[in-house]
Amino acid sequence: MTAPAAPRPARYVPHVMGMPVSLALRGRHTTDAPARAAWAEALAVLREADRVFSTYRPDSVVSRLGRGELDERDCPPEVHEVLAIAEATRRDSDGAFDVRRDGRLDPSGVVKGWAVERAAAPLRALPDTDFCLSAGGDLTCRTLRPDDAPWRVGVEDPRDPRRLVALVPVRTGAVATSGAAHRGAHVVDARTGLPPTGLGSVTVVAPSLTDADVDATAAYALGPDAARWLAARGRTGLVVGDDGVTTVVG
């Protein structure tokens, strides 16, 4: 007799913070009231992050701070937290990563991973339930039972996003990728103001999506130094050159 197939995860896919956000739940709570309540709470966290940090909303806290209408001392605690992460990463990357450039404040390189990591908190409170929460391709996930299958995370080929260059099994942790395949040259080396050369993408696997996201972005900004920098930080990751050559870190 063969064992019954594991039930397919329940999936939810709304649009929040200007990007698709998807959730997969498997286990005890997938479509019931506790699952729906936890998902609603997670979405509320993301919407609040958008209200505070969006650079596209003129009324956001960050927009007002950038225009000088607010003093940093008067901003909510989450702004101080995000700017502290940004400053630490600026120092650690020798200035390649910087949310302040050309007189403009844009903490987007920190906010997405940080916000999704916070949004996962109500999902972690669901007993006997695994989850995978993904936003714009970056994700955080949990697997509780050691005999359950890990989540399988595909790493796109930056030269052809229809193909994968790697498939990463993740039980509990986070994966983030930075590159120019989908959004163009939006990441630059803040020291030069120019996009990095020689790189297609950088993917980082870490316990926290806050760390994975900011380190993937900083490493990508560093260009040819990406793999060395990630290795020095003890990170696990994959660096894909613009010629398709891959370098495994960690």
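The rules behind these values
Residues numbered from 1 in each chain as written. Predicted model: local features only at pLDDT ≥ 70, side-chain atom pairs only at ≥ 80, totals over all residues. Heavy atoms only, no water. Axes fitted to C-alpha atoms, helices over the stretch in contact; angles between N-to-C directions. Helix = DSSP H or I, 4+ residues; strand = E, 2+ residues; numbered from the N terminus. Parallel < 35°, antiparallel > 145°, perpendicular 65-115°, else oblique. Left-handed = near helix turned anticlockwise from the far one by under 90°. Contact = heavy atoms within 4.5 Å. Buried < 20%, exposed > 50% of the residue type's maximum accessible area, 1.4 Å probe, protein only. Nonpolar A, V, L, I, M, F, W, Y, C, P; charged D, E, K, R; others polar.

It is at 8 Å that the axes of helix α1 (residues 33–53) and helix α4 (residues 108–119) come closest, and there the two elements cross at 150°. Here α4 runs roughly antiparallel to α1, going by the angle between their axes. Between α1 and α4 lies a crossing of right-handed hand. Across from Ala-42, Val-45, Leu-46, Ala-49 and Phe-53 in α1, the residues of α4 making contact are Val-111, Trp-114, Ala-115, Val-116, Arg-118 and Ala-119.

This part covers the environment of Ala-44. Tracing the chain through its elements places Ala-44 in helix α1. For Ala-44, a relative accessible area of 42% corresponds to the partly exposed category. Put simply, Ala-44 and Asp-59 are 15 residues apart on the chain and 18 Å apart in space, counted from C-alpha to C-alpha.

Attention now goes to the packing of α4 against helix α6 (residues 209–221). For the pair α4 and α6, interaxial distance at closest approach is 7 Å and the crossing angle is 160°. For the element pair α4 / α6, the angle class is roughly antiparallel. When you trace α4 past α6, the crossing you get is right-handed. Note on element contacts: α6 touches α4 through Leu-209, Thr-210, Asp-213, Val-214 and Thr-217, opposite Gly-109, Val-110, Lys-112, Gly-113, Trp-114, Val-116 and Glu-117. Of the residues belonging to the contact of α4 with α6, the class tally is five nonpolar, four polar and three charged.

Note that Ala-49 resides in helix α1. Residue Ala-49 is classed as buried on the basis of its relative accessible area of 5%. For Ala-49 and Ala-181, which are 132 residues apart along the polypeptide, the C-alpha to C-alpha distance reads 25 Å. Leave out the neighbours within four places in its chain, and Ala-49 touches Ser-54, Trp-114 and Ala-115.

What follows is about unusual backbone geometry. A positive phi is found at Asp-102, a non-glycine position, where the angle reads about 55°. Inspection of the secondary structure puts Asp-102 in the loop between β4 (100–101) and β5 (104–105). One non-glycine residue, Asp-128, lies in the positive phi region at around 55°. Relative to the assigned elements, Asp-128 resides in the loop between α5 (121–124) and β6 (129–135).

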